[in-house]
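Architecture and fold: a report
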Amino acid sequence: MPEGITAESLMHNIMETISDSASKHKSESSFEEENLKSMNSQFSRLFGRQKPVHHILGGGKPADVLLWRNKKISASVLTAATVIWVLFEWLDYNFLTILCFGLVMGMLAQLVWKNASGILNRSPSNIPPLVVPMEVFVNIANLIGAEVNRGLSFLQDVATEGNMKQFLVVIASLCAAAIVGTWFNFLTVLYVGFVAAHTLPVLYERYEDEVDGFMYNVLGQLQHNYRKLDASVLRRIPTSKFRGRKVD
């Protein structure tokens, strides 16, 4: 044994080496575990989502309203939609009646505003003109037209591409929508969709992990059932007879 090195110092060096190796291995394993958890959390998001819910909803003020960033505005919008639905559905008002009553109330308010200055011995007040910009109507028409054309183009592609599976899925979806339409009228369907748009995103953002886990279990079961249906029924359907030339 060389001079200056005792048995105690040699054992101390060996123990330090073993301790350093164990701590290094532990840190590497913990790092790999954290990476695995982050990868699992990334892949377990609903539909492979990687962006926040606020960004997916378009950001800005509409997303703030849907996610209840400003509770007063969101509650006011939802309350107004509920009042409109109650007036038309429960109280059996029609659109023309509501429109006429609204115009009468607006004209009475302007009359009182105009004559209030003379009654109170004040200078005449200037009533702002009621003008809706033309750009609002143009933007609404362009948006509706673009969405309608996109939907019609999608249905035409499904009918002419020859993909029998997608064709059957679309037909089944339209039949389901038709059955739902027999249960509720169009206004009720719109109101249910409006309420869902103002409640489901904020609930999903709050209980994100629980919803993702539940939905992935449901989607896995649906995929399993679809594979069984595909193997037993859909693959036996001949697709060559349904192929046609694509309409430009």
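Residues numbered from 1 in each chain as written. Predicted model: local features only at pLDDT ≥ 70, side-chain atom pairs only at ≥ 80, totals over all residues. Heavy atoms only, no water.

**Notes on the overall build of the chain**
In terms of helices and strands, the chain carries nine helices and zero strands. Each helix and strand of the chain, placed in order from N terminus to C terminus, yields the pattern α-α-α-α-α-α-α-α-α. Buried residues in the chain amount to 12% of all 248 residues. Contacts spanning at least 24 positions in sequence make up 58% of the contacts within the chain whose residues lie at least 6 apart. Of the roughly 20,100 Å² of accessible surface on the chain, 67% is carried by carbon and sulfur atoms. (Helix = DSSP H or I, 4+ residues; strand = E, 2+ residues; numbered from the N terminus. Buried < 20%, exposed > 50% of the residue type's maximum accessible area, 1.4 Å probe, protein only. Contact = heavy atoms within 4.5 Å. Areas by Shrake-Rupley, 256 points an atom, 1.4 Å probe, with all protein chains shown as cover.)

**Quick look at the environment of Ala81**
Topologically, Ala81 is positioned in helix H4 (residues 71–90). C-alpha separation for the pair Ala81 and Val195, spaced 114 residues apart in sequence, amounts to 8.5 Å. With near-sequence residues (within four places) excluded, Ala81 lies in contact with Tyr191 and Phe194.

**Looking at the pattern of salt bridges**
Inspection of every chain in the model, using the stated rule, returns two salt bridges. A salt bridge links Arg69 to Glu205; the shortest N-O distance between them is 3.0 Å. Placement of the pair is Arg69 in the loop between helix H3 (60–66) and H4 and Glu205 in helix H8 (residues 186–206), with a sequence separation of 136 residues. A relative accessible area of 45% means that Arg69 is categorised as partly exposed. Across the salt bridge formed by Glu147 and Arg150, the nearest N and O atoms sit 3.8 Å from each other. Separated by three residues within a single helix, Glu147 and Arg150 lie in helix H6 (residues 134–161), roughly one turn from each other. (Salt bridge = Lys/Arg side-chain N within 4 Å of Asp/Glu carboxyl O.)

**Some words on the packing of aromatic side chains**
Applying the stated rule across the entire model yields two aromatic pairs. On the basis of an interplanar angle of 55 degrees and a centroid distance of 5.7 Å, the ring pair of Trp85 and Trp90 is categorised as tilted. Overall, the relative accessible area of 17% leaves Trp85 in the buried class. Considering the side-chain rings of Trp85 and Tyr191, the 4.8 Å spacing of their centres and the 5 degrees angle between planes classify their relative orientation as stacked. Of this pair, Trp85 sits in helix H4 while Tyr191 sits in helix H8, and the two are 106 residues apart along the sequence. Here the two residues Trp85 and Tyr191 agree in accessibility, since each one is buried. An aromatic cluster of three or more residues is present, and its members are Trp85, Trp90 and Tyr191. (Phe/Tyr/Trp six-rings, centres within 6.5 Å; stacked < 30°, edge-to-face > 60°.)

**Here's the deal with unusual backbone geometry**
Phi angles above zero are rare outside glycine, and Trp68 is one such case at about 60 degrees. In this fold, Trp68 is placed in the loop between H3 and H4. The exposure class assigned to Trp68 is partly exposed, which follows from its relative accessible area of 24%. The backbone of Asp92 shows a phi angle near 60 degrees, a positive value even though the residue is not glycine. By relative accessible area, which is 64% here, Asp92 ends up exposed.

**Observations regarding the UniProt feature "transmembrane region" (unreviewed entry) in the chain**
Under the feature "transmembrane region" (unreviewed entry), the UniProt entry names residues 73–88, 94–113 and 167–194. The span residues 73–88 shows a helical share of 100% and a strand share of 0%, and its end C-alpha atoms are spaced 23 Å apart. Helix makes up 95% of residues 94–113 and strand makes up 0%, while its end C-alpha atoms are separated by 29 Å. (UniProt positions renumbered as here; feature names shortened; annotations may be inferred.)

**What to know about the packing of H8 against helix H9 (residues 208–232)**
Each pair of packed helices gets described by two things: the angle between the helix axes and the distance between those axes. Direction vectors running N to C along H8 and H9 enclose 100 degrees, while the axes themselves pass 5 Å from each other. Overall, the two elements H8 and H9 adopt an arrangement that is roughly perpendicular. Each of Tyr204, Glu205 and Arg206 in H8 lies in contact with H9, whose residues at this interface are Glu208, Val211 and Asp212. Grouping the constituent residues of the contact of H8 with H9 by class yields two nonpolar, no polar and four charged. (Axes fitted to C-alpha atoms, helices over the stretch in contact; angles between N-to-C directions. Parallel < 35°, antiparallel > 145°, perpendicular 65-115°, else oblique. Nonpolar A, V, L, I, M, F, W, Y, C, P; charged D, E, K, R; others polar.)

**Some points on H4**
For H4, spanning 20 residues, the distance from its first C-alpha to its last is 27 Å, which sits close to the expected 28 Å at 1.5 Å a residue. Residues of H4 that are buried: Ser74, Leu78, Ala81, Trp85 and Phe88. What you see down the axis of H4 is that its buried residues fit within an arc of 95 degrees, all on one side. Along H4, the residues that are exposed and aim more than 90 degrees away from the buried face are Lys71, Lys72 and Trp90. Two residues or fewer past H4, Asp92 is found with a positive phi of approximately 60 degrees. (Expected span 1.5 Å × (residues − 1). Arc of directions from axis to C-beta.)

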